[in-house]
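Coordinates in review
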Amino acid sequence: LNIGQSSSGFAKKPIIIVVVGMAGSGKTTFLHRLVCHTKASNIRGYVMNLDPAVMTLPFGANIDIRDTVRYKEVMKQFNLGPNGGILTSLNLFSTKFDEVISMIERRADELDYVLVDTPGQIEIFTWSASGAIITEAFASTFPTVIAYVVDTPRSESPATFMSNMLYACSILYKTRLPLVLAFNKTDVAQHEFALEWMKDFGVFHAALDSDHSYTSTLTRSLSLALEDFYKNLRSVGVSAVTGAGMDAFFKAVEASAEEYMETY
Ligand code: GTP
């Protein structure tokens with residue numbers, strides 16, 4: 001777990017793991033599993049919740065946006081709908097984010113990881129100014145890794161798989177941070193098909209053969225374009241429900257963080 005000093009000047013610090021994923025991919029269950037795993041393995045974790053609208057969390061958060069911003073009040077006061085309410089709450093919280101960073105810095109010696117849960121609607125975090133401010137604040141102070149949770153059973157269709165990968169790719173290019181793909185729900189469907197599709201586009205094209213639509217031609221071309229993206233990430237299979245794949249996930253995070261520290 002000791003990633004040590006890097007040549008770039010990043011001291012040994014907690015690694016920030018920002019968990020994102022499509023609604024229903026199992027993000028919250030996955031984060032809960034990470035929290036349980038860190039506790040059971042004597043890994044010193046700190047938990048941060050950035051979802052102002054979540055009613056109950058299955059895990060305790062050390063830093064919780066809900067302690068600072070009242071989402072329902074924000075909706076009322078600014079006359080907003082649910083998504084506008086979440087976005088504005090995140091904006092308000094991001095103005096105080098330097099204090100959050102200082103708080104983590106003060107505890108840096110006692111922490112291995114900071115596990116960050118993001119709002120259920122992925123684009124609220126990944127495409128907002130406050131999401132960018134928060135991500136950049138993390139990344140300029142600590143080694144930061146994005147964990148993109150994929151619903152594996154739902155990605156067994158090549159077209160759905162491609163949409164999911166395009167989204168992950170857009171996050172990589174937007175944040176410019178190392179990305180770990182966590183293929184979740186492997187208790188229901190193993191993720192080997194995805195690894196094959198990413199490694200060999202011939203296999204992916206064969207899977208597309210039964211689909212003769214216009215989108216299948218597009219999907220074929222896109223799979224070639226994504227070759228570079230696939231080379232720039234790490235993939236692991238996990239099950240948030242059974243706990244399978246946790247060690248592999250943390251290994252992938254550490255390798256990504258080490259690479260990040262060497263590069264920046
Ligand atoms: P939020 O958007 O933050 O609410 O999280 P989420 O919607 O991405 O996922 P959530 O954790 O609520 O999980 C969605 C559904 O997937 C729930 O019914 C979970 O029980 C189920 N689920 C999550 N992880 C796994 C898994 O590893 N295996 C199986 N079989 N089901 C899972």
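Placed above this text is the structure.
This write-up is about the structure you can find in this document. Just so we're clear, the structure is a prediction, and the values are computed from it rather than from any experiment.

So, on to the sheet that holds strand β3 (residues 63-64). If you trace the seven strands from one edge of the open sheet to the other, you get β3-β2-β4-β1-β5-β6-β7, paired in parallel fashion. At either margin of the open sheet sits one strand with a lone partner, and together these are β3 and β7 (233-237). In the sheet, strand β2 (residues 45-49) pairs with β3 via two bridges, with the strands oriented parallel. Among the inter-strand pairings, N49 is bridged to a residue of β3, identified as D64. Along the sheet, helix α13 (residues 246-263) makes contact with β1 (15-21), β4 (113-117), β5 (144-151), β6 (179-184) and β7, crossing β7 at roughly 170°.

On to the pattern of salt bridges. On inspection of all chains with the given rule, the structure shows eight salt bridges. Of the charged contacts, one joins D112 and R44 as a salt bridge, the two residues approaching to 3.1 Å between their closest N and O atoms. Taken together, the residues D112 in the loop between α5 (97-106) and β4 and R44 in the loop between α1 (27-40) and β2 connect sequence positions 68 residues apart. The class for R44 is partly exposed, based on a relative accessible area of 34%. A salt bridge links R66 to D64, with the shortest nitrogen-to-oxygen separation between them at 2.8 Å.

Let's shift gears to the pairing of β6. Judged by how many residues are buried, β6 sits mostly within the fold: six of six residues are covered. Neither face of β6 is left uncovered, since the one carrying L179, L181 and F183 and the one carrying V180, A182 and N184 both have all their residues buried. In this structure, β5 lies alongside β6, joined through six bridges in parallel fashion. Paired with V149 across the two strands is A182, which belongs to β6. The parallel pair β5 and β6 is bridged by helix α8 (residues 158-175), and the resulting crossover is right-handed. Where β6 lies against β7, five bridges are found, and the strand directions are parallel. Paired with F183 across the bridge in β7 is G237.

In the region of the ligand, 16 residues are neighbours, and G24, T28, T29, D187 and A240 sit closest. The separation between an oxygen atom of the ligand and a polar main-chain atom of S25 is 3.3 Å. For the ligand, a nitrogen atom lies 2.8 Å from a polar atom in the side chain of D187. Element by element, the count of residues in the shell around the ligand is highest for α1, at three residues. Of the residues in the shell around the ligand, the class split is five nonpolar, eight polar and three charged.

Turning our attention to α13. In a regular helix each residue adds 1.5 Å, so 18 residues correspond to 26 Å; α13 covers 26 Å between its end C-alpha atoms and thus fits that length. The complete set of buried residues in α13 reads M246, F249, F250, A252, V253, E254, S256, A257, Y260 and M261.

Bringing the pairing of β5 into the picture now. Where burial is concerned, most of β5 is hidden: eight out of the eight residues are buried. Of the two faces of β5, the one carrying T144, I146, Y148 and V150 and the one carrying V145, A147, V149 and D151 are both buried. In this structure, β1 lies alongside β5, joined through six bridges in parallel fashion. Each bridged residue has a counterpart across the sheet, and for I16 the counterpart in β5 is T144.

Cut-offs applied
- Residues numbered from 1 in each chain as written.
- Predicted model: local features only at pLDDT ≥ 70, side-chain atom pairs only at ≥ 80, totals over all residues.
- Heavy atoms only, no water.
- Pairing = 2+ DSSP bridges.
- Helix = DSSP H or I, 4+ residues; strand = E, 2+ residues; numbered from the N terminus.
- Contact = heavy atoms within 4.5 Å.
- Axes fitted to C-alpha atoms, helices over the stretch in contact; angles between N-to-C directions.
- Salt bridge = Lys/Arg side-chain N within 4 Å of Asp/Glu carboxyl O.
- Buried < 20%, exposed > 50% of the residue type's maximum accessible area, 1.4 Å probe, protein only.
- Right-handed = clockwise from strand over helix to strand, strands pointing away.
- Near = heavy atom within 4 Å.
- Polar contact = N/O pair within 3.5 Å; in protein donor to acceptor, adjacent residues only side chain to side chain.
- Nonpolar A, V, L, I, M, F, W, Y, C, P; charged D, E, K, R; others polar.
- Expected span 1.5 Å × (residues − 1).

So far we have only geometry, and geometry alone does not tell us how the molecule works.
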